[in-house]
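Okay, here's what each chain looks like letter by letter:
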Amino acid sequence: MTVIRNSLIVILTFCIIQELPAQNNTPVWSKERANQWYAKQGWLRGCDFIPSTAVNQLEMWQAASFDTATISRELGYAQSIGLNCMRVFLHHLAWQEDTAGFKNRMEQYLSIAGEKNIKTIFVFFDDCWNESYHSGTQPAPKPGIHNSGWLRDPGKLLYDDPALMDILENYVKDILHSFKNDPRILLWDLYNEPGNSGYKNKSMVLLQQVFKWAREVNPSQPVSAGVWSRDLSELNAYQLATSDVITYHNYEDEKAHKQAIDSLRKFGRPLICTEYMARLRNSTFFNIMPLLKNENVAAINWGLVSGKTNTKYAWDTPIPDGSEPKIWFHDIFRPDGEPYSRKEVDFIMSLTGAKPSSQNLPAVSLLY
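Residues numbered from 1 in each chain as written. Predicted model: local features only at pLDDT ≥ 70, side-chain atom pairs only at ≥ 80, totals over all residues. Heavy atoms only, no water.

Trainee: Talk me through the nonpolar core; I want residue IDs and the actual numbers.
Mentor: Core analysis: the largest hydrophobic core is formed by 97 residues, its most contacted members being Trp 61 and Tyr 109. For Trp 61, the residues in contact, after removing those within four places along its chain, are Phe 66, Val 88, Phe 89, Leu 90, Ala 94, Phe 102, Arg 105, Met 106, Tyr 109 and Phe 122. Counting 13 residues, the second largest nonpolar core, distinct from the first, contains Ala 34, Leu 44, Ile 121 and Ile 300. (Core = buried A, V, L, I, M, F, W, Y, C linked by side-chain atoms within 4.5 Å. Buried < 20%, exposed > 50% of the residue type's maximum accessible area, 1.4 Å probe, protein only. Contact = heavy atoms within 4.5 Å.)

If you want it as structure tokens, here you go:
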């Protein structure tokens, strides 16, 4: 998801960061509670998920474009290769425009995922990609451009209209109250990549507020906000001190990723990698997924099915004519269920223990 190019060498060393006391209404989970919770989950592995028919979070969640058929089919692809967890982004505007309908659609999504034995991590806020947004019909993807339609939440509107903070508080608390005891929800990821898009410490205010709101509701699921850039030391310190379990992003090779894991181990909490796998950066299923399994780190890669988000194209290498990249950057499947690489899918299944299914995995594939 990262869009600041010079910050993509992520999460190397946090040894200088000291755990800080959390200033919240209810305390951060104890290490013992966090580790007991994690031990019950088994090895978690999955993807950051949006259906291939949606260009962004609003197109996924608005009533007119909410696509249960595609969600069900594509989560079926995930189930077929042994994935058991999806990370899914929400957007406050979809809730604001249609509160009851939005929560009903969340329930529909959770029912579909639950039937496939897939747990969900929901993400509230995000500092990546387009700063402005509108309800209704969403823009078509720009050919060959990675995540051309993805939306920040709340983006620049928070700084243009400070009254939005009250709406965001109501949004977060309403969603948490509605689903605070739902066993289909694994974790609440409160804020994706705070400080991205040049916001840096400007994002601290909302970051602190969303943790405060979550602690006031006190859901049964853990809450977290993932560290992602070594340059944001103040944000990192706050995130690591206030998260029940540690979540992080890393798009580097296995040596650097192992260093990141080692540096985060000192906090004594479960580790969940909520973004990895960029083939052109040597972060692949072949070298990273076994590492994460061996280290008992949850493995959630960016992208399940190639679609309107265009994440098969690299962050900084657009293909303006929209032609097929020789090597996909993210994603595992084409919309019809054909894998990008049979070799890759077979390898994933060898790690998850899934049994082959010719129905979901056609014989024709690309190798790389």
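Trainee: Outline the confidence of the model for the chain, supporting the account with residue identities and numerical values.
Mentor: Mean pLDDT for the chain: 92, with 90% of residues reaching 70 or above. Note that pLDDT drops below 50 for residues 3-24; the model gives that stretch 68 contacts with residues more than four away or on any other chain. The low-confidence segment residues 359-368, where pLDDT is below 50, has 39 contacts with residues more than four positions distant or belonging to other chains. (pLDDT = per-residue confidence, 0-100.)

Trainee: Can you break down helix 12 (residues 342-352) residue by residue, with the values?
Mentor: All buried positions along helix 12 are accounted for by Arg 342, Glu 344, Val 345, Ile 348, Met 349, Leu 351 and Thr 352. Contacts made by the buried residues of helix 12 are with strand 1 (45-48), helix 3 (68-80) and helix 11 (285-294). Positive phi appears at Gly 353, one or two residues downstream of helix 12, with a value of about 80°. (Helix = DSSP H or I, 4+ residues; strand = E, 2+ residues; numbered from the N terminus.)

Trainee: Go over the sheet that holds strand 2 (residues 85-89), please, and point to the residues and values.
Mentor: Sheet strands associate in pairs through backbone hydrogen bonding, adopting either a parallel or an antiparallel arrangement. Pairing within the open sheet is parallel, and its 8 strands lie in the order 5-4-3-2-1-8-7-6. Only two strands of the sheet have a single partner each, and these edge strands are strand 5 (223-224) and strand 6 (246-249). In this sheet, strand 8 (residues 298-302) lies alongside strand 7 (residues 271-275) in parallel orientation, the contact comprising 2 bridges. Across the sheet, residue Cys 273 finds its bridge partner in strand 8, namely Ala 299. On the sheet, helix 8 (residues 204-217) packs against strand 3 (119-126), strand 4 (185-192) and strand 5 and is oriented at approximately 155° with respect to strand 4. Contacting strand 1, strand 6, strand 7 and strand 8, helix 11 runs over the sheet at an angle of about 150° to strand 8. (Pairing = 2+ DSSP bridges. Axes fitted to C-alpha atoms, helices over the stretch in contact; angles between N-to-C directions.)

Trainee: Describe in detail helix 5 (residues 99-115), supporting the description with residues and values.
Mentor: Compared with the 24 Å implied by 1.5 Å per residue over 17 residues, the 25 Å span of helix 5 between its first and last C-alpha is a close match. All of the buried residues in helix 5 are Gly 101, Phe 102, Arg 105, Met 106, Tyr 109, Leu 110, Ile 112 and Ala 113. In the segment just after helix 5, Asn 117 is the residue with positive phi, at about 60°. (Expected span 1.5 Å × (residues − 1).)

Trainee: Could you give an account of the packing of helix 7 (residues 164-179) against helix 8, naming the residues involved and the relevant values?
Mentor: Close contact between helix 7 and helix 8 brings their axes to 9 Å; oriented N to C, the two are set at 35°. Where helix 7 crosses over helix 8, the two elements pack in a sense that is right-handed. Of helix 8, the residues touching helix 7 (which contributes Met 165, Leu 168, Glu 169, Val 172, Lys 173, Leu 176 and His 177) are Val 205, Leu 206, Gln 209, Val 210, Trp 213, Ala 214, Glu 216 and Val 217. Grouping the constituent residues of the contact of helix 7 with helix 8 by class yields 10 nonpolar, 2 polar and 3 charged. (Left-handed = near helix turned anticlockwise from the far one by under 90°. Nonpolar A, V, L, I, M, F, W, Y, C, P; charged D, E, K, R; others polar.)

Trainee: Tell me about the state of the cysteines, and please be specific about residues and values.
Mentor: Tallied over the entire structure, the rule returns 0 disulfides. In this structure Cys 47 is not part of a disulfide, and its nearest cysteine sulfur, from Cys 85, lies 9.4 Å away. (Disulfide = S-S within 2.5 Å.)

Trainee: Lay out the side chain of His 257 in plain terms, naming residues and giving numbers.
Mentor: Here His 257 is to be found in helix 10 (residues 254-265). Setting aside residues no more than four positions away along its own chain, His 257 makes contact with Tyr 248, Asn 250, Cys 273, Tyr 276, Ile 288, Leu 291 and Leu 292.

Trainee: Before we move on, could you go through the packing of aromatic side chains and cite the residues and values that matter?
Mentor: All told, the structure shown has 26 aromatic pairs when counted by the stated rule. Measuring from centroid to centroid gives 6.1 Å for Tyr 276 and Phe 285, while their planes differ by 85°, and the two rings are edge-to-face. Pair check on accessibility: Tyr 276 and Phe 285 agree, each one buried. The lysine or arginine in question, Lys 202, covers the ring of Tyr 159, its NZ or CZ lying 4.0 Å from the ring centre. Over the ring of Phe 286 we find Lys 343; its NZ or CZ atom is 5.7 Å from the centre of that ring. (Phe/Tyr/Trp six-rings, centres within 6.5 Å; stacked < 30°, edge-to-face > 60°. Lys NZ or Arg CZ within 6 Å of the ring centre and 35° of its normal.)

Trainee: How would you explain the pattern of salt bridges if you had to name every residue and give the values?
Mentor: The final tally for this structure, using the stated rule, is 21 salt bridges. As a salt-bridge pair, Asp 189 and Arg 87 come within 2.9 Å of each other at their nearest N and O atoms. Residue Asp 189 is found in strand 4, and its partner Arg 87 is found in strand 2; the two are separated by 102 residues along the sequence. In this structure, Lys 173 and Glu 169 form a salt bridge, with 2.7 Å as the shortest nitrogen-oxygen distance. (Salt bridge = Lys/Arg side-chain N within 4 Å of Asp/Glu carboxyl O.)

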